[in-house]
Structure formats: C-alpha cells, structure tokens
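Secondary and tertiary structure notes
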Amino acid sequence: MRRIWLTGILLAAAAAAGFLFLTERPLTVAVVQPEHDVALRIYGLGTVEARILSRTGFEVGAALASLAADAGDSVARGQELAVLHSAVQEARVARAQAAVAANEANLAKAEAALVRARVMLAQREVANRRLQNLVQRDVASVQRAEEAQRDEDVARADLAVAEADVAVIRAQSLDAAAALRQEEALLAHHRLLAPYDALLVARHAETGAVVKAGDPIFTLIDPATIWIQAYVDEERAGQLAIGQPGTIRLRSQPSAEFHGTIARIGIESDRVNEERRVWMTCADCPAEMFLGEQAEVRILTGTRTTALMVPEVAISGFDGHRGMVWTVQDGRLARAELTFGARDDRGRVEVTGGLPEGATIVAGPPKGAAEGRRGRISEAP
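Note on numbering: residues in each chain are counted from 1, in written sequence order. Whole-chain, interface and lining totals are the exception, using all residues; otherwise, since this is a predicted model, local features are given only for residues with pLDDT of at least 70 and side-chain atom pairs are given and counted only at 80 or more. Values reported for side chains reflect all heavy atoms of the structure, with hydrogen atoms and water molecules removed beforehand.

1. Let's talk about the pairing of strand S6 (residues 80-84)
Keep this limit in mind: When a residue's accessible area, from a 1.4 Å probe over protein chains only, is under 20% of the maximum for its type it is buried; when over 50% it is exposed; and in between it is partly exposed. To qualify as a helix, a DSSP run of H or I must reach at least 4 residues; to qualify as a strand, a run of E must reach at least 2; elements of each kind are numbered from the N terminus. One bridge is not enough; two strands pair if DSSP finds at least two bridges between them.
Counting buried positions over the 5 residues of S6 gives 4, a clear majority of the element. Relative to S6, strand S4 (residues 62-67) runs antiparallel, the two being bridged by 3 bridges. Note on S6: the bridge partner recorded for leucine 67 is alanine 82. Alignment of S6 against strand S7 (residues 191-193), held across 3 bridges, turns out to be antiparallel. Each residue of the ladder has a partner; that of alanine 82, found in S7, is leucine 192.

2. Some thoughts on the sheet that holds S7
What links the strands of a sheet is backbone hydrogen bonding, and the strands pair in either a parallel or an antiparallel sense. One open sheet holds the 4 strands; their spatial order is S7-S6-S4-S9, and the pairing between them is antiparallel. Edge strands, defined here as strands with exactly one partner in the open sheet, are S7 and strand S9 (210-211). Bridge analysis of S4 against S9 gives 2 bridges, and the strand direction is antiparallel. What sits directly across from alanine 62, in S9, is valine 211.

3. Description of the environment of aspartate 158
For aspartate 158, the position within the fold is in helix H3 (residues 142-188). Separated by 95 residues in sequence, aspartate 158 and alanine 63 place their C-alpha atoms 54 Å apart.

Just distances and angles here, no functional claims.
Below is the structure:
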C-alpha cells in the first residue's frame, strides 16, 4: 500500500509539473513592428467599361437595305452606317413637293388677282369722283352718281377679298413647306449616321431584316472614354476621394500594372453587396481594351511616415473603430482595447490609440494565450 501511495503521489506530481510546464512556459508570439513610409491602399474588383456607350438605331421602321459597318470598325462622326428601304417615303416627299409647287402657283394667281382688284378700285374711285362733281353742277343725274359710288364700294370689297385670298394661300404655302420639311426629315431618318467618332462593339441586325423604330442596330462606344468601374467594400469606401491615384491590373495582362485616377464615386451603394462603385480613368492603359474584362484596382488613399499596422485577424470584437488585441507587456500577455483608423489592401488596420506604454501588439491570435501568461517575442515575426 505504501508503494501504491508513493506511486500515486509521484504521478500526481508529474501531472502537476506537466500542467504547470504547459501553462506557464513562455508562449512564443510574433508582434507588430512599426513600419515606415506606409502606403494605405484600398482594393477593388471591377470591369472595363465605357462612359459613352450608345445602342443606336433608326427613328423609323422599315426593312434594312444595306449595312456599311461591322463590329470592330472605327467610324467617324457623320459616317453612314446603315440604310432603310425608302421608296414609300420618297413618294411622300414628292407629293409634298407637288403640294408646295401648287401653292406657289395659287399664290401667284392670287397676287395677280390682287393687282387687278387694286387697279379696278383706282378706276372706280376716279369715275366716282368725276360723277360726284358733275352731279354738284347738275350735269349728271343723281342715279348715275349713286351707281358710281356703288361700283367703287364693290371694287373696294373685291380688293379686300383678293387680299384675304393672298393671306390664306400664303398660310397654306407655309403649311405645305413645313409638311415638306417633315417628310424630308423622315426620309433622312432612313440613313443611320455615326453620332460621334466611335468604335463599333456589336451589330444586332442584318440586311433584309425589318426593324422597328428604336430597335438597336449597332452598339458603339467613344474609345476616348474607356475607364474602369470597380466595387469597393463600404467599410473602406469612406477613405475614397476624387483624384486619388491607383494601380490597375487587367485579367488578360496580369503581369502588367497600369496607372489611373478616380474620376467618379457613385452616390448610391449596392444595397445587396454593400459595395460602392468608383470609376477610374487610365493614363497608360493599352490602346486595345475589351469591355467587360475583369480588372483589379488598388487605390492609394494616403501615406504614413510611421505606423503600426495590425492584421484584422488579430483583432477580436472589431466594430470598424475599436477592438481587442493581445499585447506583450513586461514579458506577460495581456488584453488591450485599441482604436483603429485607416485600412490597407493587405487586410491590416492602422492603430490610432489605446496602446499601453511599453506594450507590443501580437500579430496573430495566439493559441493557448491567457492573461498573465509569459510571452516571448520571436525574432522573425
């Protein structure tokens, strides 16, 4: 029994010694070291887009007579892209032209009638004045004087009618001219012209197809307005500002790095993905860009002469501003609540306050850590 008790005591002592060794031995941890000339960047994923993109088509409907361009072509402003069958519209234009010619003839006839009415009125006025003088001298009868006055009044009324006829026909001429311009405009709409210097991205119809007004025939872009549309996490988007520089990597050229600048920041975030859109113009991107190609951007939001950058995985209870980290102080592990500021594209956050004097921050969540346990800082964090 004495041996059994002695063996039990020895085993308990060994277990206690092992427990103390496992829990009290120094825990080797990596700590955050101060860094110099720290570049704060934000990561975003997006695609190549064009600010000016148009799906252009005809303002009238008809069958496509010809197509003069295809996807991949560069076109100049005003260049003909497609033509519709226009026989019906040409006939309408001819009819409107005939109406204009008829109104011009009617106007000439009415103006001639107006001249005749003026001459007749002048003649009747002279005759009436002469007879009125003769009546006053008892040379002519009163009846003839009354007839002369009546003839003058009739001539004056005929002149008013002729003037009204001229005014009506002139108004009809304006209406006919406007109708002609309308038909000519509709005829011009049977030709599709490039609205600006453009690159054709796609052709949506072929010769012979009957299209309706507004149907897209071509998709074209202004190649000078190519930019990158990227999505940035809302938690990091508060550091963005127009004009900030950044780097761009295209999926088709992963080894190349291009440079751009923020040209626009979306004023509405995606409510599902909780991301904000930014658009970056590219200063040295390749001449040939492909819409929809995936692109990665890293936007420089600021620099720090000296900073402590803590990996987010080392922070617990992080709310975007405060969080708890493990620290090593006087050779012992301890918890500390710190405040944080800017983030970078490597999943790290800048420490802005709360670090106790003489403490260093553990760079990752240590396994087996406990308050007061001895900590040993590794030489190669």
